[in-house]
Each structure stands twice: as C-alpha cells, then as structure tokens.
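The residues making up each chain are set out below.
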Amino acid sequence: APNIAKYLMGCGIVVSSDTVIDPQGYFHRYTEDKAKNIWPGNYAPAGFVESARQTNAVLNVLTVAVILLIGYYFTGFYTGLIAALFLGFNPTFTEINTAAGADSAASLFSTLAILALLWLVKLMYAGKENRRFYLSAALLAISFAFAVGSKLSGAIVGFIIIAVFSLLTYNWLFPFK
C-alpha cells in the first residue's frame, strides 16, 4: 500500500537537500558510478533524517492549526486557542511526532477528517446542500483516505466518523413527525 507519510517525508528530503531521485526511486546523491551510490550500512544519512523530521514538524504545526480552527469554528476562539496550546505543548505529541515516522501525517489527516465531518454535519443541520456541502464531503473522504494511507491506525478515525455521523444525523435522516 502506498504510504502517504513516506511520500511527504521524501518530498521534504528532496526540497530541503541537494538530493535527486535515481531511476530506481532511491533517495541519494545519484551518480552514474554505482559504487558511489551505496550508503555505508543500512541507515539513511543524517541530513535525510533531519529533513524528514523537519517535514514532520511542519505537519505538526498544521495539526495544531487545524485544532485551533475546529475550536474557533465550532465553539469560539478561546476554546480553540486553549486546545491548540494544550496539543502544541504536549510533550508526548511533540516527541512522538517529530521523529521520522508516519505519526505526524496520520494525525494531521485524521484531524482534518474530523474537521470535515463536523463541517458536513453543521451544513446538513443548516439545510444547505450547496457547493460547501459537497466540498466538505470531498474533504472528509480525501482526508480520511490520506489518514489511512499514512498509517493504518487512521482507520480508527473512520469508526469514530461513522459513530459520530450516525449519532449527529439521526434526527436529520429520520425526522420526528
């Protein structure tokens, strides 16, 4: 399965270093001399790991921004600010998600999926099935797919989405008469 998180880290490596991708798809300084293309041992160069960690740090900042947006959009600015500060200064969140792993992308896309779900339900209750309604549905589908494509634990968000959607839309789908 394609790993979206690895693609994002690979893009960060290519953008922030003097790296090219050779025809086989490996990240290193590609030369025609095959002997010079081999890394010593089974580890990536430190610059690549640092670039991947910087990419994950940017994804973490975007996750905190989405949390701020969720709080601002649904309950108020101060609630979103407090939630974003709690998440941004949480040592477990920053420690786990600044490693060169798939956790940052999974948390960003999972948070985006929750934002899209709440936006979709809000538009449904307002009775507005317009362009924003379909945009929120598309954002929900894409962000959930990217969350699962980043790390399989993003599928847990799918179960949450189904449960919350069914609870919040029960009156909308089956109105009391």
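Computed from a prediction, not measured in an experiment: that's the story for all the values here.

Topic: the overall build of the protein
Scanning the protein from terminus to terminus reveals eight helices and two strands. Across the protein, helices and strands are ordered from the amino to the carboxyl terminus as α-β-β-α-α-α-α-α-α-α. Summarising the internal contacts of the protein: among those between residues at least 6 apart in sequence, 61% fall at separations of at least 24. Surface accessibility of the protein: about 11100 Å² in total, with carbon and sulfur atoms responsible for 71%.

Section: the confidence of the model for the protein
Averaged over all residues, the pLDDT of the protein is 78; the fraction at 70 or higher stands at 77%. Mean pLDDT per element in the protein: strand S2 (residues 27-28) is the minimum at 51, and helix H3 (residues 77-88) is the maximum at 93.

Some thoughts on the packing of aromatic side chains
Within the structure shown, the criterion is met by five aromatic pairs. With 5.5 Å between their ring centres and 70° between their planes, Phe77 and Tyr78 make a pair best called edge-to-face. Residue classification places Tyr78 among the exposed residues on the basis of a relative accessible area of 64%. Seen in terms of ring centroids, Phe109 and Phe146 are 5.2 Å apart; in terms of plane orientation they differ by 80°. Their pairing is edge-to-face. Placement of Phe109 in helix H5 (residues 103-126) and of Phe146 in helix H6 (residues 131-150) is noted, with a sequence separation of 37 residues between them.

Quick notes on a nonpolar patch on the surface
Taken together, the side chains of Leu69, Tyr72, Tyr73, Phe77 and Tyr78 make up a nonpolar region of the molecular surface, amounting to roughly 560 Å² of accessible area. Contributing elements (two or more residues each) for the nonpolar patch: helix H2 (46-74) and H3. In terms of residue count, the dominant contributor to the nonpolar patch is H2 (three residues). Topologically, Tyr72 is positioned in helix H2.

Quick look at H6
In this model, H6 (20 residues) spans 28 Å end to end at C-alpha, consistent with the 28 Å of a helix rising 1.5 Å per residue. Three or more residues of H6 are buried, namely Phe133, Ser136, Leu140, Ser143, Ala147 and Ser150. Axial view of H6: buried residues confined to an arc of 125°, hence all on one face. Across from the buried face of H6, at angles greater than 90 degrees, the exposed residues are Arg131 and Tyr134. Turning to H6, the residues buried within the fold contact helix H1 (4-16), H5 and helix H7 (155-168). Near the N-terminus of H6, the side chain that reaches the backbone nitrogen of Arg132, with its oxygen 3.3 Å away, is that of Asn130.

What counts, and where the lines are drawn
- Residues numbered from 1 in each chain as written.
- Predicted model: local features only at pLDDT ≥ 70, side-chain atom pairs only at ≥ 80, totals over all residues.
- Heavy atoms only, no water.
- Helix = DSSP H or I, 4+ residues; strand = E, 2+ residues; numbered from the N terminus.
- Contact = heavy atoms within 4.5 Å.
- Areas by Shrake-Rupley, 256 points an atom, 1.4 Å probe, with all protein chains shown as cover.
- pLDDT = per-residue confidence, 0-100.
- Phe/Tyr/Trp six-rings, centres within 6.5 Å; stacked < 30°, edge-to-face > 60°.
- Buried < 20%, exposed > 50% of the residue type's maximum accessible area, 1.4 Å probe, protein only.
- Patch = residues over 30% accessible without salt bridge, like charges linked within 9 Å, V, L, I, M, F, W, Y side chains within 5 Å.
- Salt bridge = Lys/Arg side-chain N within 4 Å of Asp/Glu carboxyl O.
- Expected span 1.5 Å × (residues − 1).
- Arc of directions from axis to C-beta.
- Polar contact = N/O pair within 3.5 Å; in protein donor to acceptor, adjacent residues only side chain to side chain.

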